[in-house]
Amino acid sequence: MDGRKFIRSFGYAYCGIVTACKEQNFKSHILSAVIVLIAGYLTGLSRIEWCIVLILIALMFALEMMNTAIERVVDLASPNIHPLAEQAKDIAAGGVLVFAVFSAIIGLLIFLPKWF
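Residues numbered from 1 in each chain as written. Predicted model: local features only at pLDDT ≥ 70, side-chain atom pairs only at ≥ 80, totals over all residues. Heavy atoms only, no water.

Here we look at the packing of aromatic side chains
The description of an aromatic ring pair uses the distance of the two centres, along with the angle that the planes make with each other. Using the criterion set out here, one finds three aromatic pairs in the structure. When the centroid spacing of 5.2 Å and the interplanar angle of 40° are considered together, the rings of Phe-111 and Trp-115 count as tilted. Here Trp-115 and Phe-111 lie together in helix α4 (residues 83–115), a separation of four residues that amounts to about one turn. Judged by its relative accessible area of 6%, Phe-111 is buried. A relative accessible area of 47% places Trp-115 in the partly exposed class. (Phe/Tyr/Trp six-rings, centres within 6.5 Å; stacked < 30°, edge-to-face > 60°. Helix = DSSP H or I, 4+ residues; strand = E, 2+ residues; numbered from the N terminus. Buried < 20%, exposed > 50% of the residue type's maximum accessible area, 1.4 Å probe, protein only.)

With respect to helix α1 (residues 3–21)
Across its 19 residues, α1 extends 28 Å between first and last C-alpha, which sits within 8% of the 27 Å expected from 1.5 Å per residue. Looking at where α1 begins, the residue whose side-chain oxygen comes 3.1 Å from the main-chain nitrogen of Arg-4 is Asp-2. (Expected span 1.5 Å × (residues − 1). Polar contact = N/O pair within 3.5 Å; in protein donor to acceptor, adjacent residues only side chain to side chain.)

Side note on the side chain of Glu-64
Mapped onto the fold, Glu-64 is located in helix α3 (residues 47–77). Notably, Glu-64 is buried but unbridged: the nearest opposite-charge side chain belongs to Arg-72, and the N-O separation is 9.3 Å. Apart from the residues within four sequence positions on either side, Glu-64 is in contact with Asn-25, Phe-26, His-29 and Val-96. (Lys, Arg positive; Asp, Glu negative; His and termini not counted. Salt bridge = Lys/Arg side-chain N within 4 Å of Asp/Glu carboxyl O. Contact = heavy atoms within 4.5 Å.)

Structural notes on the nonpolar core
The biggest cluster of nonpolar side chains holds six residues, and these are Ala-33, Leu-45, Val-53, Ile-57, Ile-110 and Phe-111. Setting aside chain neighbours within four positions, we find Leu-45 in contact with Gly-40, Trp-50, Val-53, Ile-110, Phe-111 and Lys-114. (Core = buried A, V, L, I, M, F, W, Y, C linked by side-chain atoms within 4.5 Å.)

Put into structure tokens, the structure is as follows:
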């Protein structure tokens with residue numbers, strides 16, 4: 001394994017993160033994560049609860065980045081509107097929505113008992 005290529009790959013990954021952070025949907029996930037982190041701090045979550053919350057946040061970011069990557073590749077491969085291209089993008093976005101809904105449910109299961 002070439003060490004320079006390995007180190008360079010971190011630079012590419014960093015560029016990908018920076019690019020994702022400019023996306024509107026990713027910004028909304030960042031805002032949501034900040035709100036959840038503040039609420040978790042103020043609520044006094046246990047170590048296990050923090051682990052769950054942090055895993056959900058990390059997975060949400062990663063899934064949104066994968067969705068964005070899929071959208072970009074589909075746009076590149078199919079610059080004209082095509083039903084299959086539209087379906088691919090919709091399915092990827094749907095995956096993000098499913099994970100967001102279940103993350104919110106898990107968040108409610110963690111936070112609500114501590115608040116009421």
